[in-house]
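Given next are the chains, with one letter for each unit.
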Amino acid sequence: MKTYNAYGTVAASDLSEAAHSVSDSLPEREYRYDNLKAFLIFCVVLGHVLKRFGMSEGADALYLLIFSFHMPAFLFVSGYFAKYNPKRVIGKLLPLYLVFQCVQFLLDLLMMVPGQGWQVLEEIHFQLFTPRWTLWYLMALMIYQLLLPLFEARSRAQAGRCLAVAAALGLFIGCNPDTDNFMALARVFHFLPIFLLGYYERRWHLLSGLGGARPALRRAAAIFLTAVLCTGLFLFHRVLPASWFYGTESYGTDGFTWFVRLGVWLLALVWIWIFLVLTPGRRLGVLESVGRNTLPVYLLHTVMLIGLSATMLPVWLGGNLPALVVLALLITYVLSRDCFARAVNGIRFPKKR
């Protein structure tokens, strides 16, 4: 017997384990989440394109806007599809982390050595437990999925208590002055409440159930909130440090406090609610295929951007915001093709027979 969630779509308890999984062919898909993942992975790529190539005030404002929601929303979706599966963590996520940790280390080395000489080797260290650039996300997924039994809840009340514990851990980690990002623990605890909220959302619709049952009013409220948040972030982008949204800051850095962390969480939850309300729940062709194959986009776009940084592209596109958006769209679409998905999906430890 099929069960249905608050949107009238088939429940996702038997679907893929995480938002970035290269899923197998499934008889039922939640197209709302495929469409949402497609939008979010584009935002991930665009944010990194703006960081590397953007050299304008508009690019800075858009960068801040994107970072206010894209990773919290992705981790919420990852939690929604999460399952406790140690074999998958060891057999799939760990090999991906190890391979791309080595790839990014070698690329950074190749990019720096020609301009600075071999003495740069003293400045670049291979750190197995300090994720490079975007690989903190894989580290976080591994830790979250292994911790799921500790946060298992059988009722809304238990889920609320688990979320309170996760929030306390997130607030406590800000007291740590160490910013070396060992095992991405700062980000792991910062985003833990968001991940768990997504995990509980699958069963109790704690977030999507807010706002009443009238779709028209919910959509109107979501559109109004979108306009308010976009306007506010664009107006204040000069005074709001983007680092507040990274999840890596210790208290006292760039004005970051425990109260700011609470505000960052609240802002993320509002954005996620907006996306749940406004994202179409029907099949949308290209968006579905991109949303199904977000893992190769996430892992490979960094490799592509590091390579593009060695070309004249930053000079050609640095001040052209529309061109940067088009570049992000192209990268997202190309890397979401099935050939890249098969290649990334092939990186795993062999199964024992």
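Presented here is a report on the structure given in the accompanying data block. Along each chain, residue indices are assigned from 1 in the same order as the chain's sequence is written. At least 70 in pLDDT is required for a residue's local features to be given in this predicted model, at least 80 for side-chain atom pairs to be given and counted, and no such filter applies to totals for whole chains, interfaces and linings, which use all residues. Only hydrogens and water are set aside when side-chain values are computed; all heavy atoms of the structure are taken into account.

**Topic: the overall build of the protein**
Going by this rule: Helix and strand assignments come from DSSP, with helices taken as H or I runs of at least 4 residues and strands as E runs of at least 2, each series counted from the N terminus. Whether a residue is buried, partly exposed or exposed follows from its accessible area with a 1.4 Å probe, protein chains only, as a fraction of its type maximum: under 20%, in between, or over 50%, in that order. Values of accessible area rely on a 1.4 Å probe in the Shrake-Rupley scheme; residue burial ignores everything except the protein chains shown.
Secondary structure assignment for the protein yields 14 helices and zero strands. When the elements of the protein are put in sequence order from the N terminus, they spell out α-α-α-α-α-α-α-α-α-α-α-α-α-α. Relative to its 353 residues, the protein shows a buried fraction of 51%. Roughly 16800 Å² of accessible area belongs to the protein as shown, and the carbon and sulfur atoms make up 67% of that amount.

**Quick notes on the side chain of R218**
The test is simple: Charge assignment in this entry is limited to Lys and Arg as positive and Asp and Glu as negative, and neither His nor the chain termini are counted. By definition, a salt bridge exists where a carboxyl oxygen of Asp or Glu is found within 4 Å of a side-chain nitrogen of Lys or Arg. Under the rule applied, a polar contact is a pair of N or O atoms within 3.5 Å (in protein, one hydrogen donor and one hydrogen acceptor; residues adjacent in sequence only if both atoms are side-chain atoms).
Within the secondary structure layout, R218 lies in helix α8 (residues 215–235). E201 provides the closest opposite charge to the buried, unpaired R218, separated from it by 7.9 Å. For R218, the side chain forms a polar contact with the main-chain oxygen of L210, separated by 2.5 Å.

**Some words on the packing of α8 against helix α9 (residues 258–278)**
We apply this condition: With axes taken as lines fitted to C-alpha atoms, and helix axes fitted only over the stretch in contact, angles between N-to-C directions fall between 0 and 180 degrees. With respect to orientation, any angle under 35 degrees is reported as roughly parallel, any angle over 145 as roughly antiparallel, any angle of 65 to 115 as roughly perpendicular, and every other angle as oblique. Note on convention: the crossing is left-handed when the near helix lies turned anticlockwise from the far helix by less than a right angle, right-handed when the turn is clockwise. Throughout, a residue-residue contact means that at least one pair of heavy atoms, one from each residue, lies within 4.5 Å. Polarity classes work like this: nonpolar for Ala, Val, Leu, Ile, Met, Phe, Trp, Tyr, Cys and Pro, charged for Asp, Glu, Lys and Arg, and polar for all others, with Gly in that last group.
Two elements in contact, α8 and α9, have axes separated by 9 Å at closest approach and are oriented at 135°. Judged on the interaxial angle alone, α9 and α8 are oblique. Here α8 and α9 pass one another in a crossing that is left-handed. Touching R218, R219, A221, A222, I223, L225, T226, L229, C230 and L233 of α8 are L267, V270, W271, W273, I274, V277 and L278, all from α9. Of the residues that constitute the contact of α8 with α9, the class distribution is 14 nonpolar, one polar and two charged.

**Here we look at the pattern of salt bridges**
This structure, assessed with the given rule, holds six salt bridges. In this structure, E152 engages R203 in a salt bridge whose closest nitrogen and oxygen atoms are separated by 2.8 Å. One end of the pair, E152, is in the loop between α5 (136–147) and α6 (156–173); the other, R203, is in helix α7 (residues 185–204), with 51 residues separating them in the sequence. Bridged by salt links that share partners, the residues R283, E288, R292 and D338 form one connected network.

**Things to note about unusual backbone geometry**
Positive phi, normally seen in glycine, also occurs at W133, with a value near 50°. Residue position: W133 is located in the loop between α4 (86–116) and α5. Phi is positive for A184, which is not a glycine, with a value near 55°. For A184, the position within the fold is in the loop between α6 and α7.

**Side note on the packing of aromatic side chains**
Just so we agree on the cut-off: By convention, a stacked pair of Phe, Tyr or Trp rings (six-membered ring in the case of Trp) has centres within 6.5 Å and planes under 30 degrees apart, an edge-to-face pair has planes over 60 apart, and any other such pair is tilted. By definition here, charges over rings are those cases where NZ of Lys or CZ of Arg is within 6 Å of the ring centre and within 35 degrees of the ring normal.
Going through the model one piece at a time under the given rule, you end up with 19 aromatic pairs. Here the aromatic rings of W258 and F259 are separated by 6.0 Å at their centres, their planes lie at 90°, and the arrangement is edge-to-face. Residue classification places W258 among the partly exposed positions, given a relative accessible area of 48%. A residue is classified by how much of its surface remains accessible, and F259, at 58% relative accessible area, is exposed. In textbook terms, an aromatic cluster arises when at least three aromatic residues are bridged by ring pairs, as seen for F39, F69, W271 and F275. The ring of Y199 is capped by R203, whose NZ or CZ atom sits 5.0 Å from the centre of that ring.

Purely geometric stuff here, so don't read any function into it on its own.
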